[in-house]
Amino acid sequence: MRQGSMKVSTLLLCVFSCCALNANAASFNVGSYGAKGNPKVDDTNAFMNTWKAACASSGDVEMVIPQGTYYLGQVKFKGPCNFNSITVSLQGVLKASTDLNKFVSGDDWVEFSFFNGLKLKGGGTFDGQGSSSWSKNQCPNKKNCKVLPTSVKFVSLTNTIVDSVNSKDPKFFHFGVLQCKNFRASNIYLKAPQNSPNTDGIHIEKSTTVVINGATIGTGDDCISVGQGNADILLSSIKCGPGHGISVGSLGRYQNEGNVKGLVVKDSIIFGTQNGVRIKTWENSPSWSYADNMTFQNIQMNNVYNPIIIDQNYCPYYNCDRSAPSKVKLSNIFFKDIRGSSLSQAAVTLKCSKAVPCQNVNLQNINLKYTGGSNSIAQCANANVAFSGTKLPAACTWS
Ligand SMILES: *[C@@H]1O[C@H](CO)[C@@H](O)[C@H](O)[C@H]1NC(C)=O
């Protein structure tokens, strides 16, 4: 009896608190703060004022961007905030200004930073309107270039969920995830032309526990790049193509970079890309670092130029400093159940550093056919490699 009444009262309490919660959930609509959704009107201030009110509010709050097209310069959704969590319901289309003078140098377009509990969802779109700025991007040609704005940057956030969000034509990267803890994204659609420069899909840096589960990415650079200082990263159900594939790196470019620990890329399809899964590090790195414990598993490659590639002589420019080998040590790398077609004969390239050879590279059940007819090959240097299961290519050709 006592047990039964406990259950009923618990249920009542739950119902009551759920209703109370809904009644209290403060909702902030950009329309109420003056957003017009009119191409002649810059809605930046209206968005910033909406954020100011939401950020100052307590409990679980909501910010609503209804259907419509909004024209924006830089917007910074910055904490610390009073709320417990915020749901940003993006139903409309946000269009970035095409006037680069509206962007402070080095800054991004939309930034969520320094708070806890973001849920970004709603099926809306970030349109970076990048096409007019791509020709002004010097980064593919020189090392010290002025970086254009990333469309959406997530900085120093904890407990983030991004679900059902689209991005097209960013000026630079689509999404950047920097110094985040527990960041989870799903149902992400990112699109830019194949020849748009540096339009990486999602770049992750200095973050811990990042899960991207379900993303369709066709873009001009890496679909996803896992940079320095990351730990516990899971990328699954990724559809990548066109683009440059899924990358770790580039690493070893700057002084005192963090290490990469614990990456899994699985259950994905990569098609029509320059690379499939790649680890890239610069030569003559200014300091030592490492990337350890990386697994790439159950990946279909269709017409990929370099399906599996470790490149420790990474040089995207014509004049890299090649005076010393890379100081980034790579170890415990597992390539498992990777199949499909390679547009180059070297379906597997493992070019590791002379200073710190790759340790424990495993190729298990690899079945990559060269589209040119003859058998595919594996080109290896400075690596400790083990083949098992299905072996196509069959063994390393050493250089
Ligand atoms: C390797 O990384 C995975 C994924 O982050 C993690 O679960 C596992 O514990 C790591 N293994 C070692 C030996 O550190």
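Criteria and thresholds
- Residues numbered from 1 in each chain as written.
- Predicted model: local features only at pLDDT ≥ 70, side-chain atom pairs only at ≥ 80, totals over all residues.
- Heavy atoms only, no water.
- UniProt positions renumbered as here; feature names shortened; annotations may be inferred.
- Pairing = 2+ DSSP bridges.
- Helix = DSSP H or I, 4+ residues; strand = E, 2+ residues; numbered from the N terminus.
- Axes fitted to C-alpha atoms, helices over the stretch in contact; angles between N-to-C directions.
- Disulfide = S-S within 2.5 Å.
- Buried < 20%, exposed > 50% of the residue type's maximum accessible area, 1.4 Å probe, protein only.

The protein chain carries the name Exopolygalacturonase in an unreviewed UniProt entry, which gives Rhynchospora tenuis as its organism. As its UniProt record puts it under Subcellular location (unreviewed entry), the protein chain is described as follows: "Secreted, Cell wall". UniProt lists a comment for the protein chain under the heading Sequence similarities (unreviewed entry), and it reads "Belongs to the glycosyl hydrolase 28 family."

Undergrad: Could you give me a rundown of the sheet that holds strand S16 (residues 224-226), with the residues and numbers involved?
TA: Strand order in the open sheet formed by 12 strands is S4-S7-S10-S12-S14-S16-S18-S20-S22-S24-S26-S28, and the pairing between neighbours is parallel. Of all strands in the sheet, those bounded by a partner on one side alone are strand S4 (75-78) and strand S28 (396-398). In this sheet, adjacent strand axes meet at a mean angle of 15° when their direction is disregarded. Looking at chain direction, strand S26 (residues 377-381) and S28 are connected through 3 bridges and run parallel. Each residue of the ladder has a partner; that of glutamine 379, found in S28, is threonine 397.

Undergrad: With reference to specific residues and values, describe the state of the cysteines.
TA: For the structure on display, the rule yields 6 disulfides. Bridging cysteine 55 to cysteine 81, the disulfide has an S-S length of 2.1 Å. Judged by the sign of its S-S torsion, about -105°, the cystine formed by cysteine 55 and cysteine 81 is left-handed. Taken as a pair, cysteine 55 in helix H2 (residues 44-56) and cysteine 81 in the loop between S4 and strand S5 (85-90) lie far apart in primary sequence, 26 residues in all. By relative accessible area, cysteine 55 is classed as buried at 11%.

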